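# Notes for the structure review
This is what each chain is made of:
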Amino acid sequence: MEQLHQKIKDVERIEYQMTTFIRRAMYVDQTEKKIGLLERSSYLLMRHLDEHGPDQVKGMAAAFRLDLSTISRQVAVLEKKQFIDRQTSKTDKRVSVFQLTPLGEKTLRKDRALRMERYSQIVSDWSPEERQSFGCLLERMNQAFFDL
């Protein structure tokens, strides 16, 4: 019975801390403390293209579990700012594939460096083991959400 009670307390703690973390991260993104020039959604899409290479709207929508219209709007913004460009798929001429432009790569590098600096400051007093463990656990949590 005690183990069940502890498990419930642990899950409640995780739920509260994750909810608080997300809220605080979103708050910072909307203030003068915002990291970099890119909006969070733009940064994530550009990171996706940087990590995985050219992709279709359908692939990006699947990666972020968003509907096609949401991703299409975000892609249109990035395309208008010339951070990404549209290519015709080599395997299916009816399909568009998006990739980072040189301007997009440069902008992403700058934003990523600013984000790395901020996160490095946040965990500056953590041990290497704590940083590694937290990164692994966050990755595991993200995958668990994706598997729902």
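Structure first, text after, so check above.
Residues numbered from 1 in each chain as written. Predicted model: local features only at pLDDT ≥ 70, side-chain atom pairs only at ≥ 80, totals over all residues. Heavy atoms only, no water.

### A look at unusual backbone geometry
Phi at R65 takes a positive value of approximately 55 degrees, unusual for a residue other than glycine. Counting through the fold element by element, R65 comes out in the loop between helix 3 (57-64) and helix 4 (68-80). (Helix = DSSP H or I, 4+ residues; strand = E, 2+ residues; numbered from the N terminus.)

### Comments concerning the pattern of salt bridges
Taken as a whole and judged by the stated rule, the model has five salt bridges. The network of salt bridges with shared partners includes R47, D50, E51 and R112. (Salt bridge = Lys/Arg side-chain N within 4 Å of Asp/Glu carboxyl O.)

### As for the packing of helix 2 (residues 40-52) against helix 3
Orientation of helix 2 relative to helix 3, taken along the N-to-C sense of each, is 110 degrees, at an axis distance of 11 Å. As far as their axial angle goes, helix 3 and helix 2 are roughly perpendicular. Pair helix 2 / helix 3 crosses with right-handed handedness. On the side of helix 2, the interface is formed by L44, L45, H48 and L49, while helix 3 contributes M60, A63 and F64. (Axes fitted to C-alpha atoms, helices over the stretch in contact; angles between N-to-C directions. Parallel < 35°, antiparallel > 145°, perpendicular 65-115°, else oblique. Left-handed = near helix turned anticlockwise from the far one by under 90°. Contact = heavy atoms within 4.5 Å.)

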